[in-house]
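Chain residues, written in single-letter form:
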There are 2 protein chains.
Amino acid sequence: MLETHEIVSYVAATFTTASFLPQAILTIKTKDTDGLSLGMYSMFAIGVFSWLIYGIQIEDEAIIVANAITLVLACIILSFKIYNSFFKKPSIPQLKKKR
Amino acid sequence: MLETHEIVSYVAATFTTASFLPQAILTIKTKDTDGLSLGMYSMFAIGVFSWLIYGIQIEDEAIIVANAITLVLACIILSFKIYNSFFKKPSIPQLKKKR
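Residues numbered from 1 in each chain as written. Chains lettered and ligands numbered in written order. Predicted model: local features only at pLDDT ≥ 70, side-chain atom pairs only at ≥ 80, totals over all residues. Heavy atoms only, no water.

> I'd like to hear about helix α4 (residues 61-87) of chain A, residue by residue, with values.
Residues and elements named next belong to chain A. The terminal C-alpha atoms of α4, which comprises 27 residues, lie 37 Å apart, in line with the 39 Å expected from a rise of 1.5 Å per residue. Of the positions making up α4, those classed as buried are Ala66, Asn67, Thr70, Leu71, Leu73, Ala74, Ile77, Leu78, Lys81 and Asn84. Next to the buried residues of α4 lie α1 (4-18), α2 (20-30) and α3 (38-57). In this structure Asp60 caps α4, since a side-chain oxygen of it lies 3.0 Å from the backbone nitrogen of Ala62. (Helix = DSSP H or I, 4+ residues; strand = E, 2+ residues; numbered from the N terminus. Expected span 1.5 Å × (residues − 1). Buried < 20%, exposed > 50% of the residue type's maximum accessible area, 1.4 Å probe, protein only. Contact = heavy atoms within 4.5 Å. Polar contact = N/O pair within 3.5 Å; in protein donor to acceptor, adjacent residues only side chain to side chain.)

The structure is reproduced here in structure tokens:
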């Protein structure tokens, strides 16, 4: 039988891992990375990669799976940000509806 | 003496926690939340809050501190997103330089 704190940790891991899915979908759809911080996604990817290594070291399957998924999603978002920041050809300023 | 996996976990926690600082600074400065997912920050805040509860339950100071900091930063970003999405008066489309 699971203890309360174990249930809480599963809820927490599910939410923090799954949260990057709507962000990745939004970024893929809109390609708008102006409001995304390059610093954040660079540091976050390093951090999640470190958690993955940690999971492998202590052989904890839940930590490995959660961080592997998060790493893939974070790297997708980071790729769009890097592309837009460094490789995208400059275009004329475009009309963009403020939300 | 710290074991390797403990050092890795501290590095991981530092990076994933600190990563939200540049994002919060960028959002405060530019107020641009178009590229940020409301779903992500809502789910992420719930997840981090759950990790905070978990830290309190197992009385782990590092988990409490790391998630308290992340929660504050995530809530700042989420507040801007909610304000821009639901409370900001519609304005004429503005010129925005594509980066």
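Next comes the rest of the account.
> Give a detailed account of the packing of aromatic side chains, specifying residues and quantitative values.
Overall, the coordinates contain eight aromatic pairs over all chains when judged by the stated rule. Between Trp51(A) and Tyr54(A), the aromatic rings sit 5.6 Å apart at their centres with planes inclined by 75 degrees, giving edge-to-face as the arrangement. Linking Trp51(A) with Tyr54(A), this pair stays in helix α3, spanning three residues, or about one helical turn. Note on Phe20(B) and Phe44(B): the rings are 4.7 Å apart at their centroids and 25 degrees apart in plane angle, and the pair reads as stacked. On the criterion of sequence distance, the pair formed by Phe20(B) in helix α2 (residues 20-30) and Phe44(B) in helix α3 (residues 38-57) is long-range, its members being 24 residues apart. Residue classification places Phe44(B) among the buried positions, given a relative accessible area of 5%. One aromatic cluster is present, built from ring pairs that chain together Phe20(A), Tyr41(A), Phe44(A), Phe20(B), Tyr41(B) and Phe44(B). (Phe/Tyr/Trp six-rings, centres within 6.5 Å; stacked < 30°, edge-to-face > 60°.)

> Now, about the side chain of Lys81(A): what can you tell me, with residues and values included?
Residues and elements named next belong to chain A. For Lys81, the position within the fold is in helix α4. Nearest to the buried, unbridged Lys81 among oppositely charged side chains is Asp34, at 5.6 Å. Within the structure, Lys81 has its side chain in polar contact with the backbone oxygen of Thr33 (distance 2.8 Å). Dropping the residues within four chain positions of it, Lys81 is found in contact with Thr33, Asp34, Leu36 and Leu38. (Lys, Arg positive; Asp, Glu negative; His and termini not counted. Salt bridge = Lys/Arg side-chain N within 4 Å of Asp/Glu carboxyl O.)

> Describe the packing of α1(A) against α3(B), listing the residues and the values that go with them.
Interhelical geometry of α1(A) versus α3(B) gives an angle of 155 degrees and a closest axis separation of 7 Å. Classified by the angle their axes make, α1(A) and α3(B) are roughly antiparallel. The two elements α1(A) and α3(B) cross, and the hand of that crossing is left-handed. Where α1(A) abuts α3(B), its residues Thr4(A), His5(A), Val8(A), Ser9(A), Val11(A), Ala12(A), Ala13(A), Phe15(A), Thr16(A) and Ala18(A) lie against Met43(B), Phe44(B), Ile46(B), Gly47(B), Val48(B), Ser50(B), Trp51(B), Ile53(B), Tyr54(B) and Gln57(B). Residue composition of the contact of α1(A) with α3(B), by class: 13 nonpolar, seven polar and no charged. (Axes fitted to C-alpha atoms, helices over the stretch in contact; angles between N-to-C directions. Parallel < 35°, antiparallel > 145°, perpendicular 65-115°, else oblique. Left-handed = near helix turned anticlockwise from the far one by under 90°. Nonpolar A, V, L, I, M, F, W, Y, C, P; charged D, E, K, R; others polar.)

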